[in-house]
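Here's the letter readout for the chains.
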Amino acid sequence: ATPRGCSPGAPLVKRESRFGAVQSWDAPGSSFVAATAAMEECMAMAEVHGVGIVSVDSAFHYLWGAGYVMRAAERGFIAFTTCTGAIPEVVPIGGTR
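Here the structure is a predicted model, which means the values were calculated and not measured.

A. View of helix H2 (residues 65-74). For H2, the set of buried residues is Gly65, Gly67, Tyr68 and Ala72. Packed against the buried residues of H2 are helix H1 (31-49). Once H2 finishes, Gly76 follows within two positions and takes phi at roughly 90 degrees, a positive value.

B. Local environment of the packing of aromatic side chains. If you walk through the whole model with that rule in mind, you get two aromatic pairs. Consider the rings of Phe32 and Tyr68, whose centres lie 6.4 Å apart with planes at 40 degrees: the pair is tilted. Separated by 36 residues along the polypeptide, Phe32 in helix H1 and Tyr68 in helix H2 bring together distant segments of the chain. An aromatic cluster is defined as three or more aromatic residues linked by ring pairs; in this entry it consists of Phe32, Tyr62 and Tyr68.

C. Representation of the side chain of Asp26 in the model. Residue position: Asp26 is located in strand E2 (residues 22-26). Assessed through its relative accessible area of 15%, Asp26 is described here as buried. Here the side chain of Asp26 touches Ser58 through a polar contact of 2.4 Å, side chain to side chain.

D. View of the sheet that holds strand E3 (residues 53-57). Strand order in the open sheet made by the three strands is E1-E2-E3, with mixed pairing throughout. Among the strands making up the open sheet, the edge pair consists of strand E1 (13-14) and E3. Sheet topology places E1 next to E2; two bridges connect them, and they run antiparallel. Opposite Val13, over in E2, you have Asp26 as the bridge partner. Of the strands in this sheet, E1, E2 and E3 are in contact with H1, which crosses E3 at around 160 degrees.

E. Geometry of unusual backbone geometry. A positive phi angle, close to 75 degrees, is found at Leu63, a residue other than glycine. Its location among the elements puts Leu63 in the loop between E3 and H2.

F. Broad picture of the nonpolar core. Ala35, Met39, Met43, Ala46, Tyr62, Tyr68, Ala72 and Phe77 form the largest nonpolar core, which has eight residues in total. Those elements giving two or more residues to this core turn out to be H1 and H2. For this core, the leading source of residues is H1, giving four residues. The residues touching Ala46, leaving out its near neighbours within four places in the chain, are Val51, Gly52 and Phe77. The next biggest cluster of nonpolar side chains, apart from the first, holds five residues, and it includes Trp25, Ala38, Cys42 and Val54.

Reading guide: rules and limits
Residues numbered from 1 in each chain as written. Predicted model: local features only at pLDDT ≥ 70, side-chain atom pairs only at ≥ 80, totals over all residues. Heavy atoms only, no water. Buried < 20%, exposed > 50% of the residue type's maximum accessible area, 1.4 Å probe, protein only. Helix = DSSP H or I, 4+ residues; strand = E, 2+ residues; numbered from the N terminus. Contact = heavy atoms within 4.5 Å. Phe/Tyr/Trp six-rings, centres within 6.5 Å; stacked < 30°, edge-to-face > 60°. Polar contact = N/O pair within 3.5 Å; in protein donor to acceptor, adjacent residues only side chain to side chain. Pairing = 2+ DSSP bridges. Axes fitted to C-alpha atoms, helices over the stretch in contact; angles between N-to-C directions. Core = buried A, V, L, I, M, F, W, Y, C linked by side-chain atoms within 4.5 Å.

Geometry only, nothing functional implied.
Next comes the structure, spelled out in structure tokens:
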């Protein structure tokens, strides 16, 4: 899909999954809102299944990744987050665009 940036107010779309502990979402709205909701969903799934995984597409930088992990750790979970930019925001060293 072509990156389109943030669309304020756009709904978070949770795709159907055949797995109880794995979900895939589309988040063209706020990446912060999506990341917060995704970590909460991961913890809820982990309570039931022992693990929870959410992949979020159509998002861009989700702000402070460590904050989501720390919130999970405070509740007794081991957590991991990563963010790969869908939209080029910074010219790489030696780049022109």
